[in-house]
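Read off the chains here:
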Amino acid sequence: MVTSQSANQLKTPAEVSRAFKMVSQFGLLCYTIIGKTADLTVVQKTIIDTLHKEGKPQTFIAKEAGCSQSAVSKHVTRKLSGRKKCGRKRCTTNRENRSLMRIVKQNRFKNLSELHKEWTGAGVKASRASTHRRVKEFGYSCLIPLVKPLLRRLTWAKEKKNWTVAQWSKVFFSDESKFCILFGNQGPRVWRKGGEAHSPSCLKSSVKFPQSVMIWGAMSSAGVGPLCFLKTKVTAPVYQEILEHFMLPSSDQPFEDADFIFQQDLAPAHTAKSTKSWLNDHGVGVLDWPANSPDLNPRQNLWGIVKRKMRNKRPKNADELKATVKETWASIPPQQCHKLITSMPRRIEAVIKAKGASTKY
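Presented here is a report on the structure given in the accompanying data block.

Here is what the cut-offs are and how they apply
Residues numbered from 1 in each chain as written. Predicted model: local features only at pLDDT ≥ 70, side-chain atom pairs only at ≥ 80, totals over all residues. Heavy atoms only, no water. Helix = DSSP H or I, 4+ residues; strand = E, 2+ residues; numbered from the N terminus. Buried < 20%, exposed > 50% of the residue type's maximum accessible area, 1.4 Å probe, protein only. Contact = heavy atoms within 4.5 Å. Areas by Shrake-Rupley, 256 points an atom, 1.4 Å probe, with all protein chains shown as cover. Polar contact = N/O pair within 3.5 Å; in protein donor to acceptor, adjacent residues only side chain to side chain. Pairing = 2+ DSSP bridges. Axes fitted to C-alpha atoms, helices over the stretch in contact; angles between N-to-C directions. Core = buried A, V, L, I, M, F, W, Y, C linked by side-chain atoms within 4.5 Å. Parallel < 35°, antiparallel > 145°, perpendicular 65-115°, else oblique. Left-handed = near helix turned anticlockwise from the far one by under 90°. Nonpolar A, V, L, I, M, F, W, Y, C, P; charged D, E, K, R; others polar. Salt bridge = Lys/Arg side-chain N within 4 Å of Asp/Glu carboxyl O.

### What to know about the overall build of the protein chain
Next, step 1: Assigned secondary structure in the protein chain consists of 17 helices and five strands.
Next, step 2: Counting only residues that meet the buried cut, the protein chain has 35% of its 361 residues in that class.
Next, step 3: For the protein chain, long-range pairs separated by at least 24 residues make up 70% of all intrachain contacts whose partners lie at least 6 apart in sequence.
Next, step 4: By element, 53% of the accessible surface of the protein chain is carried by carbon and sulfur atoms, the whole surface being about 23,400 Å².

### Things to note about the side chain of Q44
Next, step 1: Looking at the secondary structure, you find Q44 in helix α3 (residues 42–53).
Next, step 2: Engagement of the side chain of Q44 in a polar contact is seen with the backbone nitrogen of T41, the distance being 3.0 Å.

### As for unusual backbone geometry
In terms of backbone geometry, most residues other than glycine have negative phi values and most peptide bonds are trans.
Next, step 1: One non-glycine residue with positive phi stands out, namely N292, at about 50 degrees.
Next, step 2: As for its placement among the helices and strands, N292 is situated in the loop between β5 (285–286) and α14 (298–309).
Next, step 3: According to the relative accessible area criterion, N292 is exposed, its value standing at 60%.
Next, step 4: The backbone of K355 sits at a positive phi, close to 60 degrees, despite the residue not being glycine.
Next, step 5: Relative to the helices and strands, K355 is located in the segment after α17 (344–353).
Next, step 6: Taking the relative accessible area as the measure of exposure, K355 reaches 65% and is therefore exposed.

### Quick notes on the pairing of strand β1 (residues 171–180)
Next, step 1: Burial analysis of β1 places eight of its ten residues in the buried class, which makes it a mostly covered element.
Next, step 2: With three bridges connecting them, β1 and strand β4 (residues 261–263) associate as parallel partners. Residue pairing for β4: F173 is matched across the bridge by Q263.
Next, step 3: Here eight bridges tie β1 to strand β2 (residues 212–220), and the two strands are oriented antiparallel to one another.

### Structural notes on the sheet that holds β2
Next, step 1: Spatial ordering of the open sheet is given by β3-β2-β1-β4-β5, a layout of five strands whose pairing is mixed. With one partner strand each, in any of the chains shown, β3 (223–230) and β5 form the two edges of the open sheet.
Next, step 2: Bridge count for β2 against β3 is six bridges, and the pairing is antiparallel. Residue M214 lies in a different strand from β3, and its bridge partner there is L230.
Next, step 3: Across the sheet, helix α16 (residues 334–341) lies against β1, β2 and β3, angled at about 75 degrees from β2, the strand it touches most.

### Some points on the nonpolar core
Next, step 1: Formed by 30 residues in total, the largest nonpolar core has its most connected members in W168, F173, F179, I215 and L302.
Next, step 2: Among the secondary structure elements, those contributing two or more residues to this core are α9 (151–159), β1, β2, β3, α14, α15 (318–330), α16 and α17.
Next, step 3: For this core, the leading source of residues is α14, giving four residues.
Next, step 4: Beyond its immediate sequence surroundings of up to four residues, L302 is in contact with M219, V224, W329, I332, C337 and L340.
Next, step 5: Counting residues in each nonpolar core, the second largest holds 16 residues, with W216, L230, I242 and M247 among its members.

### What about the packing of helix α6 (residues 94–106) against helix α7 (residues 112–121)?
Next, step 1: Running from amino to carboxyl end, α6 crosses α7 at an angle of 135 degrees, the nearest separation of the two axes being 10 Å. By the angle between their axes, α6 is oblique relative to α7. The chirality of how α6 crosses α7 is right-handed. For the pair α6 and α7, the contacting residues are E96, N97, S99, L100, I103, V104 and Q106 in the first and L115, E118 and W119 in the second.
Next, step 2: Looking at side-chain class alone, the contact of α6 with α7 contains five nonpolar, three polar and two charged residues.

### Some thoughts on the pattern of salt bridges
Next, step 1: The tally for this structure, following the rule as stated, stands at seven salt bridges.
Next, step 2: In this structure, R90 engages E137 in a salt bridge whose closest nitrogen and oxygen atoms are separated by 2.8 Å. Of this pair, R90 sits in the loop between α5 (69–76) and α6 while E137 sits in helix α8 (residues 128–137), placing them 47 residues apart in sequence.
Next, step 3: On the basis of relative accessibility, which here comes to 45%, the residue E137 falls in the partly exposed class.
Next, step 4: A salt bridge links E137 to R134; the nearest nitrogen and oxygen atoms lie 3.7 Å apart. In this pair, E137 and R134 are both assigned in helix α8, three residues apart and thus about one turn of the helix distant.

### Section: the pairing of β2
Note on strand geometry: in a regular strand, side chains alternate between the two faces of the sheet.
Next, step 1: Of all nine residues that make up β2, seven are buried, and the element is covered over most of its length.
Next, step 2: Following β2, the chain reverses through two residues before pairing antiparallel with β3.

Here it is, written out as structure tokens:
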């Protein structure tokens, strides 16, 4: 209990003032708390800290603070902190917990049931919930794994490391993309006041399957090629018709009689045996391309440029959408295409630096 007599034991006026200030703020200790694991109040902790710094014995400190000597000892050694040490004794030892961590590290892809079965199979008595808690305590969380960078991407990048811009200018890049009648990911914005969220004039109609068009397009350093609007699923026969009626004619203008290399991704229709035979029969050289590498294809960036230019457009149906895409596509200057082609050496360097992982492109 803090009294005038106990306050006289504090040597400096500042210590006396601090102790009584804490008492006035949190209230007087009206009774003595006896018990080894009793919680200490802020006032008691202040008195214990002050007297301990003066070198007072723990018995004296316990009497002045109104608590047990054991509580003083635990507070001084920083072992008592609220009731964190209270409760049922842990069912596993530190040695058993370390054995669980070794099991986790041996195979990170085991689920919780498998971890629990192997751990308890070694003689540890713990529930499935305890197994989960121990794994969490060591900082592990069960998350979706990232895809391992493909070795093929890194190998391909190293093979093309010394390619110059002039060599990349001989490549005819192609790709497909889907265009929808949407205004960004969130849809159109609406001006409204507070409380008008459900007003009929502020609501938009819900479209489960918005109108869209699938488009095939190609580009080179000389500019964009023609667009092909696809009406059906792209199968090998459909893709070969695209190559015959769009790719081959459009390659004459930028490359004339010079040899060019055709780039395509590894979609099933592109890699079918009949497609490979068609390309071989027509003397079209194909650039080997790593799987899952949209960041290496400048054609993807060109699609993004077209879609950004269409942000302020408001096509109402598929026909208007096609017309808008054609108009925007035709407005792409050749300089923009050439700039994208010149980025290929930097893309290659970025893949090598990332050891085959995805890059910012």
